[in-house]
Amino acid sequence: MDALLLQILNGLDKGSAYALIALGLTLIFGTLGVVNFAHGALFMIGAFCAVTFSKILNISKITLDPEKTNFLGKPLEIKTPYVIEWFGESTGAALIDWAVPLSILFAIPVMLLVGYVMERGLIKHFYKRPHADQILVTFGLAIVVGELVKTSFGANPIPTPAPELFRGSFDFGVLIGMEANAVIYPFWRLVYFGFSAVVISSIFAFLQFTTFGMVVRAGMADRETVGLLGIDIDKRFTFMFGVAAAVAGLAGVMYTPINSPNYNMGMDFLVLSFVVVVVGGMGSLPGAVLAGFMLGILESFASMNEVKSFFEMLYLPSIDQIVIYLVAIIVLLVRPRGLMGREGVMED
Amino acid sequence: MSKFTRRGLLKSSAVMGAGMAMPTLITSPVAAYTNEPTGGSVTLGFNVPQTGPYADEGSDELRAYQLAVEHLNGGGDGGMMHTFTSKALKGNGILGKKVEFVTGDTQTKSDAARASAKSMIEKDGAIMITGGSSSGVAIAVQGLCQEAGVIFMAGLTHSNDTTGKDKKANGFRHFFNAYMSGAALAPVLQNAYGKERRAYHLTADYSWGWTQQESIQAATEGIGWETVNNVLTPLATTDFSSYIAPVLNSGADVLILNHYGGNMINSLTSAVQFGLRDKQVNGKNFEIIVPLYSELMAKGAGANIEGVFGSTNWSWTLGDEGTKAFVKSFGEKYGFPPSNAAQTVYAQTLLYADACERAGTFNPCGIGEALEGFEFDGLGNGPTLYRKEDHQCFKDVLVMQGKENPDNEYDALEIVEVTPRAQVEYAPDHPMFAGGSLGKCNPGA
């Protein structure tokens, strides 16, 4: 029981990341009809916004300590971050400690701008091209972005810890009456789950309860008719591309304490997120969220030793690596449009 | 009636062909071995990951290779050439030929690594291939070099198989291996954590991971520890939470991460996040062990590495003259201390050049003979032997621990013990290395 509960919790934070990325992918596909393989790169750029912001906060004044030497026997450089110089020890150190959550404020405008430039500069030229062309150009873009990030930040993961307050774990089992140490869960993963729930709810609320959102939904359903009503739907869709980029970016920012970011992290999520979109149903926002959490939890279950042993007996080794694809095949066989897919989407 | 007959035509063709070939046969001597250098220079092929997950290690290796070439050609301050006990190198290239180099990108993929090594041998005329930051890649390229008839001086490869079941006559490894890590770590672990421990292993699912796990399991069971479980994790895993979560309820009080690179950083981060290091199990503090360390990975793991034991081939903090000379050369050229990947490839380049000088030839078979059984010192690892039977270097191994309060990002690890060479030696037919044979050296051509 405790093992099951633990894997459900694990699946929730993994599913949160899948859901956030898949939500952005679906928004772009639903509005602009573009299959955006650079969406994982947006997730990675978001993570590197956190790294960059952390580096900015750590820009330091360098003084030489004549009493200590470095590895070459020269006076040791002592670095004091300017934020500590300017705001004092406690405030400056707190700013550095809270770099990841604070970098959300930095990431939102950056990601909106990145999304705008990407859509206006490249992707809009491929609206009327076949989906294969869109996949090729966006996949190429993802590789270019990845290599640029690697050139600037190196290939190895960069540690980007959570604030001190949220490091470590808590005993979830005790909270629900189980014995101590039965279900231990890291604080930050709970924060990530809560954060993604807020972002997903906000997107749905924005689309459901604002006039702008209503027009976007109408455009997703029938772009031509909305255009005939004199509404510049393209402008709104470009904005939605920026929103989707920001959602992916925020997912990346908050993910950095879970796994130290590296230039390839977007690719790790991209393929799985596409499977999530397909399982959820192309163009369906609730489907993307549902499938994200469902596949995240399933992936966690599949890596349990008991489950792996069981499938090994059935001549299905490494079930943890294939479970998502296996489920995708089954779902598509039973429901070819995915869990919540609409008729007519990608069927022409 | 024509006087042409089929026999006549064949005869005259044979005579003409022989006549046309005669000048070539007289003037062009047949090369005795692959890419025998004929001009005033000799080309070495540096095959390292320039893209992919180990690109940072590859960059550091390239820096060290370039430094070695500079020193071989008489540039810079000469680095470890002055401390190397063999005095065959004169700073005038190798055998009087200027050393040039070409580079290839392994991408940390066996097929890409073989393709780039092949291209360097066939198109660029590389006479020796060196590099690699993965055992899978090293083993693949070593096999290719054996077929092509060039020497392979392995870089960062730690699997027992490289000089075990997959060893080749044309391949030589300076870096230590998984068995040596286990043998060096076990006594330190016994002193630190006692004899009654229960270990849970997470293991990267490929050649290096398997041999690393086998080695450390044997070593820890040798000091009385029990192995609770060994879970293989796919190499592509980035989120290890679902593998870490069951550890707490398994009854284990030690987690051994047989992971390297990004895998190690991510699994260690997950383990710390799940609070393993704050827990008490079986009345003991829960501990984490990372058998193979690298400075670059330690930097990536940040504070999570504090207090964690592991092993390395070398450290820039050693105090011997060879290390000091290398750190000074490297540090002044690049502005930061070298990693143990950089040291091993620098040493390999010097060892290759020195073997050419002592053998008086670039012929792989001559170089092989010069390296086999070669004993040397002054390259940073103390007295070292290149064993004839498997082409593995035997030298001291360092047991490291993550530093509690590092002074800077290059100072994340400290030396706990320099394990003497005798403690990590093993017989050439040890079961963990059985199943292969060197075969005969292949000069190619």
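Structure first, text after, so check above.
This write-up is about the structure you can find in this document. (Residues numbered from 1 in each chain as written. Chains lettered and ligands numbered in written order. Predicted model: local features only at pLDDT ≥ 70, side-chain atom pairs only at ≥ 80, totals over all residues. Heavy atoms only, no water.)

Concerning the sheet that holds strand E6 (residues 198-204) of chain B
Residue and element names in this part refer to chain B. Here we have seven strands laid out as an open sheet, ordered E7-E6-E8-E11-E12-E16-E17, and mixed in their pairing. With one partner strand each, in any of the chains shown, strand E7 (226-233) and strand E17 (413-419) form the two edges of the open sheet. The average angle at which neighbouring strand axes cross in this sheet is 25°, direction not considered. In this sheet, strand E8 (residues 254-258) lies alongside E6 in parallel orientation, the contact comprising five bridges. Each residue of the ladder has a partner; that of Tyr200, found in E8, is Leu255. Strands in contact with helix H5 (residues 178-193) are strand E11 (287-292), strand E12 (309-312), strand E16 (397-402) and E17; relative to E12, the strand with the most contacts, it is inclined by about 150°. (Pairing = 2+ DSSP bridges. Helix = DSSP H or I, 4+ residues; strand = E, 2+ residues; numbered from the N terminus. Axes fitted to C-alpha atoms, helices over the stretch in contact; angles between N-to-C directions. Contact = heavy atoms within 4.5 Å.)

Digging into the packing of helix H11 (residues 340-359) of chain B against helix H12 (residues 364-371) of chain B
All names here are of chain B. At a closest axis distance of 8 Å, the pairing of H11 and H12 adopts a crossing angle of 105°. In terms of axis orientation, H11 runs roughly perpendicular to H12. Contacts between H11 and H12 involve Leu351, Tyr352, Ala355, Cys356, Arg358 and Ala359 from the former and Gly366, Ile367, Ala370 and Leu371 from the latter. Its residues placed into classes, the contact of H11 with H12 shows eight nonpolar, one polar and one charged. (Parallel < 35°, antiparallel > 145°, perpendicular 65-115°, else oblique. Nonpolar A, V, L, I, M, F, W, Y, C, P; charged D, E, K, R; others polar.)

Focus on the interface of chain B and chain A
Between chain B and chain A, the contact holds 45 residues from the first and 35 residues from the second. One salt bridge connects Asp239(B) with Arg189(A), and the closest N-O pair in it is separated by 3.3 Å. Those elements that provide at least two residues to the side of chain B that touches chain A are helix H2 (55-72), E7, helix H7 (241-244), helix H8 (262-273), helix H9 (295-301) and helix H10 (321-334) of chain B. It is H8(B) that provides the largest number of residues to the side of chain B that touches chain A, a total of six residues. Looking at side-chain class alone, the side of chain B that touches chain A contains 19 nonpolar, 19 polar and seven charged residues. (Salt bridge = Lys/Arg side-chain N within 4 Å of Asp/Glu carboxyl O.)

Observations concerning the packing of helix H8 (residues 187-209) of chain A against helix H11 (residues 233-255) of chain A
Residues and elements named next belong to chain A. Running from N to C, H8 and H11 point in directions that differ by 170°, and their axes come no closer than 10 Å. By the angle between their directions, the pair H8 and H11 is classed as roughly antiparallel. Along the contact surface, H8 presents Trp188, Val191, Tyr192, Phe195, Val199, Ile203, Phe206 and Leu207, while H11 presents Phe239, Met240, Val243, Val247, Leu250, Ala251, Met254 and Tyr255. Taken together, the residues of the contact of H8 with H11 break down into 16 nonpolar, no polar and no charged.

Here we look at the packing of aromatic side chains
All names here are of chain B. Scanning the model with the defined rule gives 41 aromatic pairs over all chains in all. Aromatic pair Tyr193 and Phe309: ring centres 5.7 Å apart, planes at 70°, arrangement edge-to-face. Note that Tyr193 is positioned in helix H5 and Phe309 in strand E12, a separation of 116 residues in sequence. One aromatic cluster in this structure is built from Trp314, Phe326, Phe330, Tyr334, Phe336, Tyr346 and Tyr410. Sitting over the face of the ring of Phe374, Arg358 holds its NZ or CZ atom 3.7 Å from the ring centroid. (Phe/Tyr/Trp six-rings, centres within 6.5 Å; stacked < 30°, edge-to-face > 60°. Lys NZ or Arg CZ within 6 Å of the ring centre and 35° of its normal.)

What to know about H11(B)
Residue and element names in this part refer to chain B. With 20 residues, H11 extends 28 Å between its outermost C-alpha atoms, agreeing within 8% with the 28 Å of an ideal straight helix rising 1.5 Å per residue. In terms of residue burial, H11 counts as a mostly covered element, since 18 of its 20 residues are buried. Where H11 terminates, the next one or two residues include Gly360, which has phi positive at roughly 75°. (Expected span 1.5 Å × (residues − 1). Buried < 20%, exposed > 50% of the residue type's maximum accessible area, 1.4 Å probe, protein only.)

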